[in-house]
Structures are given as structure tokens and as C-alpha cells.
Amino acid sequence: MIEHVHKHITSELQQNTRTDIIFILTAILLNLITLAVNSGMSEKSRTDNASLIVMFVFVCLIVLVNLVVVFGLIKGKQTREKLLKGLMQMYKDKDVDKYYDLTLMGNYNVRYNLFIMVVVTTGVIATIVPFILR
């Protein structure tokens, strides 16, 4: 039964990683595309109110998607931590915990924080730059 639990936890960790990758790539790609679109529209928005409104709609989209992604990454971070704690307990019970370095858990947290920072930074840049160009 322990093997099944171990397989389930490692499967959940893999799914967590795939979900996080999708979140990160989606946010960065959306931020860069929106940066390009809004930057291209910035000059026209000086005289055309419709272009300005479209720019603001894209900004709202950036904010909404980035909030969802950051929330998802925070939940992913918490999920990974819980799964790894369960795995570590299983390893302790089987007296094989010495093969897993606990500092890895801290490294995962730092990595999640860096991912969140990248998403937020690209989102802020995608929001601000077109209005500076305007």
C-alpha cells in the first residue's frame, strides 16, 4: 500500500509542476503580447478614444490574468509543500529520510517566489510601457 501512496504523491507533484508551468507561460506570453499590442496602439490612442479604451481593456485583462496566476502559484507552492511534507513523513517512517535533503523545500519556495516576481514584473511592464509611449 505504501508504494501506491508514494506513487500517488509523486504523481501529484508532477501534475503540480505541469500546472505551474502552464500558469507561468500563459501569464508571460499574455503580458508580452499585450505589451506589443498596446505599444502599437499607443500613438493612435492620443487621438482615438476607442484605441484608448481598448488599451484599458487589455490592462484589465493583464491585471485579472496575473492575479489568477499569482494566486495559482501561491496555491501550487502550498500544495507542493504539503505533498513534500507527507513524502518526508513516509520516508522517516521507512527510515530513508536521510536521502532527501530538507533544504530542497526552501529552494522550492525561493523558486516559486522568483516565478511570481517574473510574472508580476512582466505584467507591470506590459501595463506601464504603452502609457509611457503614449
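Further up the page is the structure itself.
Here we summarise the structure given alongside this text.

Calculation rules
- Residues numbered from 1 in each chain as written.
- Predicted model: local features only at pLDDT ≥ 70, side-chain atom pairs only at ≥ 80, totals over all residues.
- Heavy atoms only, no water.
- Helix = DSSP H or I, 4+ residues; strand = E, 2+ residues; numbered from the N terminus.
- Rg over C-alpha atoms; globule rule 2.2 N^0.38 Å.
- Buried < 20%, exposed > 50% of the residue type's maximum accessible area, 1.4 Å probe, protein only.
- Contact = heavy atoms within 4.5 Å.
- Areas by Shrake-Rupley, 256 points an atom, 1.4 Å probe, with all protein chains shown as cover.
- Lys, Arg positive; Asp, Glu negative; His and termini not counted.
- Charge placed at Lys NZ, Arg CZ, Asp CG, Glu CD.
- Phe/Tyr/Trp six-rings, centres within 6.5 Å; stacked < 30°, edge-to-face > 60°.

## Some remarks on the overall build of the chain
Inference 1: Counting its secondary structure elements, the chain contains 3 helices and 0 strands.
Inference 2: Ordered by position in the sequence, the α and β elements of the chain form the string α-α-α.
Inference 3: Its C-alpha atoms give the chain a radius of gyration of 21 Å, more than 25% over the compact-globule value 14 Å for 134 residues.
Inference 4: Projecting the C-alpha coordinates of the chain onto the three principal axes gives extents of approximately 70 × 25 × 15 Å.
Inference 5: Scored against the burial criterion, the 134 residues of the chain give a buried share of 32%.
Inference 6: In the chain, the share of contacts with a sequence separation of at least 24, taken over all contacts with a separation of at least 6, comes to 81%.
Inference 7: Taken as a whole, the chain presents about 8,600 Å² of accessible surface, with 69% of it coming from carbon and sulfur.
Inference 8: Within the chain, the 10 negative side-chain charges are centred at a point lying 5 Å from the centre of the 14 positive side-chain charges.

## Brief notes about the packing of aromatic side chains
Inference 1: Applying the stated criterion across every chain, the model contains 2 aromatic pairs.
Inference 2: When the ring of F56 is compared with that of F131, the centres are 5.1 Å apart and the planes differ by 35°; the resulting orientation is tilted. Of the two residues, F56 is situated in helix α2 (residues 49-93) and F131 in helix α3 (residues 103-133); the sequence distance between them amounts to 75 residues.
Inference 3: Ring geometry for Y91 versus Y100: centroids 6.4 Å apart, planes at 55°, classification tilted.
Inference 4: Judged by its relative accessible area of 17%, Y100 falls in the buried class.

Scope: geometric values only; no functional claims are made or implied.
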